[in-house]
Amino acid sequence: MKLIVRCLFVLTAFGISHGTAVRAELPPEIRVVTYNIHHGAGTDGKLDLKRIATLINAEKPDLVGLNEVDQGCRRSQGIDEPAELARLTGMTHIFEKNIDHDSGIYGNAILSRLPIVRHENHKLPSDYKGEQRGALEVEVGDEDDSLLFICTHLDFRPNDHERMESIKTIEDLAAKRAGKPMILVGDLNATPESRVMQTFAQNWGRSNSEPAFTFPAANPNKQIDYIQFRPAAEWEVVETRVLDEPVASDHRGMMAVLRRKSSIK
């Protein structure tokens, strides 16, 4: 009987999700990374997921949002990239397809060291055939204390119509979860002064107040990758920075440490 109770305690204390041990309750500070990994192909033309994982591991994140992730595509040697990155980082992965691509599938992925309660992929409005985009949502924590983590990758074209329509979908999603703490990350293909980011700023806080250049990786001169949160007044930014890696992808990753004010005693 004692052994059974002890086992139940261990499972409750750490949580089990997709076979990976994770913390069962949310820490007061959440370490977040966002990274458009360009399917693991670097600016040197080499496909190398190990250097992506090494960069992630160095930040010891709780949650990671990844854009441009392949699963079974010929260009990435048929690798199940979400599963491989989960193996290399020791984190749980959630991956959702947005499009079929190159004999495989392609979309966003999330890595989590926190217990995953549920997940859902939301299709975003699409102006272009064959380029469906999505917002991948996971809820982490437990029934008593959870937050939503959303990873998305918005359209890149100069006309911002699709991006603006995508914000409406994301806002509808957020409204349905009103009162729940949320973090949104990803390649938004918009600069800080753009109409897109000014619209986001109406309801979302941002980890950096000054532009943090993330693209192009070799010599970044603009920010298009972001870590955002809401309700804005309920979060405090402890630290944020662009990751110093110019080769592993065509973007640089970004990290932030966010503290929920309700956790401050």
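Described in the following lines is the structure provided in the data block. Since this is a predicted model, take the numbers as computed values, not measurements. Here the residue numbers are simple positions, counted from 1 along each chain's written sequence. Thresholds applied to this predicted model are a pLDDT of at least 70 for local features of residues and 80 or more for the giving and counting of side-chain atom pairs; totals over whole chains, interfaces and linings are not thresholded and use all residues. To get the side-chain values, take all heavy atoms of the structure and skip hydrogens and water.

Some remarks on the nonpolar core
In terms of nonpolar packing, the biggest core is built from 23 residues, with Ile30, Val140, Leu147, Phe149, Ile183 and Ile227 touching the most fellow members. Under the DSSP-based scheme used, a helix requires at least four consecutive residues in state H or I and a strand at least two consecutive residues in state E, with every element numbered from the N terminus. Listed by contribution, the elements that provide at least two residues to this core are strand 3 (29-36), strand 8 (134-141), strand 9 (146-153), strand 10 (182-187), strand 12 (225-230) and strand 14 (254-260). By the convention used here, residues are in contact when the closest approach between their heavy atoms is within 4.5 Å. Among residues more than four places away in sequence, those in contact with Ile227 are Val32, Thr34, Ile183, Leu184, Val185, Gly205, Arg206, Ser207, Met254, Met255, Ala256 and Leu258. Note on terminology: a nonpolar core comprises buried Ala, Val, Leu, Ile, Met, Phe, Trp, Tyr and Cys residues joined through side-chain atoms within 4.5 Å. When a residue's accessible area, from a 1.4 Å probe over protein chains only, is under 20% of the maximum for its type it is buried; when over 50% it is exposed; and in between it is partly exposed.

Considerations on the side chain of Thr34
With respect to the helices and strands, the residue Thr34 is situated in strand 3. Using a relative accessible area of 1% as the deciding quantity, one classes Thr34 as buried. At 3.2 Å, the side chain of Thr34 and the backbone nitrogen of Gly186 are in polar contact. Ignoring sequence-local partners within four residues, the contact set of Thr34 consists of Gly65, Val185, Gly186, Tyr226, Ile227, Gly253 and Met254. Here a polar contact is recorded for every N or O atom pair within 3.5 Å, except that within protein the pair must consist of a potential hydrogen donor and a potential acceptor, and residues adjacent in sequence are included only if both atoms are side-chain atoms.

Description of the packing of aromatic side chains
Working definition: rings of Phe, Tyr and Trp (its six-membered ring) pair if their centres are within 6.5 Å, and the pair is stacked with planes under 30 degrees apart, edge-to-face with planes over 60 apart, and tilted otherwise. Within this structure, the stated rule accounts for 1 aromatic pair. On the basis of an interplanar angle of 50° and a centroid distance of 6.4 Å, the ring pair of Phe229 and Trp235 is categorised as tilted. If you follow Arg157 out to its NZ or CZ, it ends over the ring of Tyr128, 3.6 Å from the centre. By definition here, charges over rings are those cases where NZ of Lys or CZ of Arg is within 6 Å of the ring centre and within 35 degrees of the ring normal. Arg230 extends its terminal NZ or CZ atom over the ring of Trp204, reaching a point 5.0 Å from the ring centre.

As for the packing of helix 2 (residues 49-59) against helix 3 (residues 81-89)
To describe two helices that pack against each other, one gives the angle between their axes and the distance between the axes. An axis is simply a line fitted to the C-alpha atoms; with a helix, the fit covers only the stretch in contact. Between two such axes, the angle follows the N-to-C directions and lies from 0 to 180 degrees. Axis separation between helix 2 and helix 3 bottoms out at 9 Å; the angle between their running directions is 50°. Judged on the interaxial angle alone, helix 3 and helix 2 are oblique. In the packing of helix 2 onto helix 3, the handedness of the crossing is right-handed. Counting all contacts with helix 2, which are made through Leu49, Lys50, Ile52, Ala53, Ile56 and Asn57, the residues of helix 3 involved are Glu81, Glu84, Leu85, Leu88 and Thr89. Residues are grouped as follows: nonpolar covers Ala, Val, Leu, Ile, Met, Phe, Trp, Tyr, Cys and Pro; charged covers Asp, Glu, Lys and Arg; every other residue, Gly included, is treated as polar. Partitioned by chemical class, the residues of the contact of helix 2 with helix 3 number 6 nonpolar, 2 polar and 3 charged. Oblique is the label for any angle not covered by the other classes, which are roughly parallel (under 35 degrees), roughly antiparallel (over 145) and roughly perpendicular (65 to 115). Put simply, a crossing is left-handed when the front helix is turned counterclockwise from the back one by less than a right angle, and right-handed when it is turned clockwise.

Digging into the sheet that holds strand 14
Any two strands with at least two DSSP bridges between them are considered paired. Here we have 6 strands laid out as an open sheet, ordered 5-6-4-3-14-13, and mixed in their pairing. Looking along the sheet, the strands with just one partner apiece sit at the ends: strand 5 (92-101) and strand 13 (235-242). Within the sheet, the average angular offset between the axes of one strand and its neighbour, ignoring direction, is 20°. Judged from the 5 bridges that link them, strand 3 and strand 4 (residues 63-71) form a sheet pairing that is parallel. Bridge assignment links Val33 to a residue of strand 4, and that residue is Val64. Running over the sheet, helix 2 touches strand 3, strand 4, strand 6 (104-112), strand 13 and strand 14 and is turned about 160° from strand 3. Its contacts with the sheet put helix 3 on strand 4, strand 5 and strand 6, and the angle it makes with strand 4 is roughly 140°.

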